[in-house]
Every structure is written in structure tokens, then in C-alpha cells.
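A closer look at the structure
Spelled out, the chains give:
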Amino acid sequence: MSQYIDPNGEYPKHIGDIQLEYPLWDETQKLPKGWQEVLESEIPNIPDGYKLIETMPIEIDGKKFRNFEVEKYTDAELLEQKIWAIRNRVAAGQMITAEEAKLLIG
Amino acid sequence: MPLISTLANASVCAYGFTRGGALASGFIAKFADSWATNGFDYITPAAVDSLGNVWVGVGANANSPWRQDIFKISSVPALTGQWQIGNNDNKEFRVSVSSDDNLLVATSYLSRYIVKKHNGTTPTTNIWGNSDASGSPLHQNFVQDASGNVYGSYTGSNFATQFIKQNSSGTFQWGRTWTNSSGNGAGGASIAIDSSGNSYNKSYDDVICKRDSAGNRSFLFRSNINAFSAPNYYTLVTDSSTLTGITNKGSAIAIWQYPLTGGTAVNWIYNTTTTSSMATMAIDSSGNTYVVHATAPSSTTLYITKFNTSGSIVWQRQITSTFASGVANSTVPYIVIKGTWMYVSYNEGPSTGSTRQPMLWKLPTDGSATGSYVLGSYTYTYATASNSWTSTTATFQDLSGFYSDSSYAPGDTNDTTALSSITTASATTRNVP
């Protein structure tokens, strides 16, 4: 997947963002002035209870690469996921426990 | 290709100019909540007729049972019509526009699955209506082919999937029901058809069933995405060569593409940085895929992402607002593409409570028209988003021996109750930009 940094340093930008400024540009052509391509990089292993975070690209040998880190889910995020799973079961017509119902009501 | 997509560019007439100014501008429409008592609104995907009028439905918990209303937004934009189906027993329903510009509605009432065709100019006039008196239909959905046949799918008893074909006059052609070995676990509503008359239908547990035009099953398969079970959050779309599906689980949104003739999946795409919920999608006439999703369950942001046929992101956008809790991510957002416009419908406000509001946006498919827009007392911002997406490859399982499939003889009850024309709602609208 092609991703780009725009002349203002904003990331991620994509093909369509470039084409809004340069309608005739496509991926076979040289990038317009000020735009930089960001190359793919390896995704780290994501342990259970962790999520993947992408930060600003890093530069190696003059090329930009995507930069990933893993970060532990917060307690609030884990609770949200639990509530969300209960909601899906309700939407599917499945039974939930009284304790789960309390979580839904908040 | 589903009905809405097959109507792409229909509003451009033979002389090369657009009629009624319908394609001149995008818009935002927000429906007032006056007809509901507790605000639990559920908006449907939009449908667009050849003049550019936009039709959308809202299920609202006015009392028990739920009430279902249909709205028409003209090109101005303005709310130019409201019709009530009646007091029904399920919040979910679907509206569509037929190839002859009439309104199709699939809904449920008193444990019946109902499809009706109404005159698109005066929807209080019925053209035909039919109902299937079986089960307790949930998650009903339908599509129409180029000949006017209507394929409907819904959840029946024990989450079995009921699948019915009607002809263009509303007469039932055949019905099928399918369940897994434990007698339940099916019950999906996602449905797509291809140009050869084959249909594709998803079960509750993410299994896809293909049938020929006579209803005979040809294969069953499931991807290894292992999505959580969510029968009404899943979209299936076909183009000339590919069946595309989307599902989501936790922090992932997966899009897979499967050759219509069977074989190896083309790709899937994995969203890694947002906890996603209820992703749905649409495909334009050039094969670009548009995904809409909200983050779950407390985010205030709606994301729209366009992918090209290679799976690369073309642009990412987001919608935020100053209204209440932003996007109501306990309901499903939808996207429909027609020509160079996309129609995004969702509910905004908190997941629970009395202030949920149905919203409909018409936006250019090139990702332009970003900016902040004041609507009523609130500011809505359509801007560049910065989600991180990575991609990998999917594999598929053959599940032909796991599911039973049987003929189903649907009832054929004439049901032509008229829509009631009412004026109890209001919509706040503005052009974009």
C-alpha cells in the first residue's frame, strides 16, 4: 500500500490526496515536489492484550519507512471491548447474564 | 453488482447534462427526532433514483413495536416527503429504488417478512406486496437483479437463514433455508447477486453460500478471518468477476475478494490502529472499494476509506461533530455509491439515551469537499484521517458438508397496505461545500 508524507509534513496521505492537487498524476510518475513516499516495513508481533501503533515514519539510508510499535490496551479499552462483545450478542438475539446487562446499562 | 451500483450514472441523461441539478452539490441532512420517544434510531442505507432524489429509512422506538418511516430528500436539498410503514416488530428494514424508479421496501410485521413495491412518485400507491408468514424475521435485506427479480434474506427461527426469490411482479419463485449441524448458527442477512443469476448469502457465523438462479446451492466457504459473529454488520458485493466481503473483529477490519468461479482469495486488508465496529462497504463502477466504520464503543468519529483495485488506499477521511457524543457507534453506518457521489448514513449521539439523531451525507467520491460545516447549532467536520492499515492474504475453508440446506415453501400472502403520507418529521439540511 502506498503511503506518503505531504509537503506540510502530514502523514499518512494517499494517492487520492496527491491527485486532488495534481489530477493528472499517477503512481507511475515521479512524485510532485515536496511529497515523499513511505515504504512498508515489518509489523512486530502483537502479544495478546496489546495493540499495534503506527508512529511517524523513520528514515533509513535516505528512505522513509513505516514505523510500528506495540502498546498495551488500557483497562478502559478492555472494558469497552467487553461491552462491545455483549452488545453484539444482544444484537444477535443471544442471552446475556444480569452482570453483563449491568455493564451495558453503565 | 448490487442494485444501487448498477444504477450508477443513471441520472446523467442522453444529452450529457444532469437533470434537476441533483448532482450539483453534496449535502448534509439531519432528521429531527420528534417521532421517536426514546431516540433509538436506526437509519438504513440510502437509495437514489434516476432524478437524484435520495430515499432513506429510519426505524425508531416510538413505542413497542418499533416504528419505521421513509424519507425523501430532493436535490435542493430538502426533506420533500415522509411516509410511515406502520407499527412494525423490528427496527431493521431496507429501502431501494427499482430499475423503473419505484420504491421497494423490505420489512417485517407480526413475524412476517414483507417486500412491497410502491410508486416512486406517490409511495402511497401500491404496485405489489407480498409477505412470507414464517419465523421471526430479523436482519432482513434484499437486492434486485436487472430483470426485476427480488432476492431477500433474513433470520428465521433458531437463526436459520431464510432465502427467497420473487419475480418482478412480487410472486414467489422459490425459498431455501439453511442451518449448521446443530440446527442453528446461520441467520445472516448479507446478500449479493452476480450478472449470471447466482446469489451469495452470508450466515451468522460468516459462512458464504452460493446458489444458482434456481436456488440450488453450489458451494459454501468461510475465510480464515474468524470475524466475530455479527449478522447485520457485514456486506457482500459482486462485480463482473469478484465477490467482495467485509467483516470486522476487535481492532481489525478485513476485506476479502473471492473469484466468482471459486479459487484463491485476492487479498484482505487489516486495520491495525482503531478498534473498529460495524464496518460496511460499497464498490463503484471502476472497482474502487469504500469502507465506512465507526470506532467502538466510545469514539466520536466516523471513518471513510477508499481503496483502489490494487488494495491501496486512495484517501482516508473522517467525520466528527460537536453534537453530543458524536457518532452513535452502536448502530451500523452505511455507504452507497452512485456515479461520482457517495451517500453515507449513520446515527449520531450516544450509544444509549434519548438524543440519537439519523444523519445522511452526500459527498464526492474523489475525497474533496473537506472542511467544517455548521448545521443548526452544531459544527460538522469532514477531514483527512490517519488510521494505519496493513494488508495480508486470506485463505478459505470449504464447508460444504457442515451445513444442511432444504427447500422452503414460503407463504404467498398478498400484502399491499399503503404507506401513510405524514409530516411529523423535519430535516435540517445544507449543501456541501
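In this text, all values refer to a predicted model and were calculated from it rather than measured experimentally.

**Section: the sheet that holds strand β1 (residues 26-31) of chain B**
Residues and elements named next belong to chain B. Strand order across the open sheet formed by five strands is β27-β28-β29-β1-β37, with antiparallel pairing between neighbours. The open sheet is flanked by β27 (334-338) and β37 (427-432), the only strands paired with a single partner. Across the sheet, the axes of successive neighbouring strands diverge by a mean angle of 15°, strand direction being ignored. Examined bridge by bridge, β27 and strand β28 (residues 341-348) share five bridges and lie antiparallel to one another. Directly across from Ile-335, in β28, lies its bridge partner Val-344.

**Things to note about the environment of B:Gly311**
Residue and element names in this part refer to chain B. Here Gly-311 shows up in the loop between β25 (302-307) and β26 (313-321). Judged by its relative accessible area of 8%, Gly-311 is buried. As for Gly-311 and Asn-198, which are separated by 113 residues in sequence, their C-alpha atoms are 25 Å apart.

**A word on unusual backbone geometry**
Between A:Tyr11 and A:Pro12 the backbone carries a cis peptide bond, its omega angle lying at -5°. Relative to the helices and strands, A:Pro12 resides in the loop between β1 (3-5) and α1 (15-21). Put simply, B:Val432 and B:Pro433 share a cis peptide bond, and its omega is 0°. Within the secondary structure, B:Pro433 sits in the segment after β37. Its identity is not glycine, yet A:Asp61 carries a phi of approximately 50°, on the positive side. Note that A:Asp61 resides in the loop between β3 (50-60) and β4 (63-72). Classification of A:Asp61 by relative accessible area gives exposed; the value is 79%.

**So, the environment of B:Thr305**
Residues and elements named next belong to chain B. Considering the arrangement of structural elements, one finds Thr-305 in strand β25. Sequence-wise, Thr-305 and Ser-377 are 72 residues apart; in three dimensions their C-alpha atoms are separated by 28 Å. Each residue touching Thr-305, except ones within four places of it in the same chain, is listed here: Thr-289, Tyr-290, Val-291, Ile-313, Trp-315, Gln-316 and Trp-389.

Parameters and conventions
- Residues numbered from 1 in each chain as written.
- Chains lettered and ligands numbered in written order.
- Predicted model: local features only at pLDDT ≥ 70, side-chain atom pairs only at ≥ 80, totals over all residues.
- Heavy atoms only, no water.
- Pairing = 2+ DSSP bridges.
- Helix = DSSP H or I, 4+ residues; strand = E, 2+ residues; numbered from the N terminus.
- Axes fitted to C-alpha atoms, helices over the stretch in contact; angles between N-to-C directions.
- Buried < 20%, exposed > 50% of the residue type's maximum accessible area, 1.4 Å probe, protein only.
- Contact = heavy atoms within 4.5 Å.

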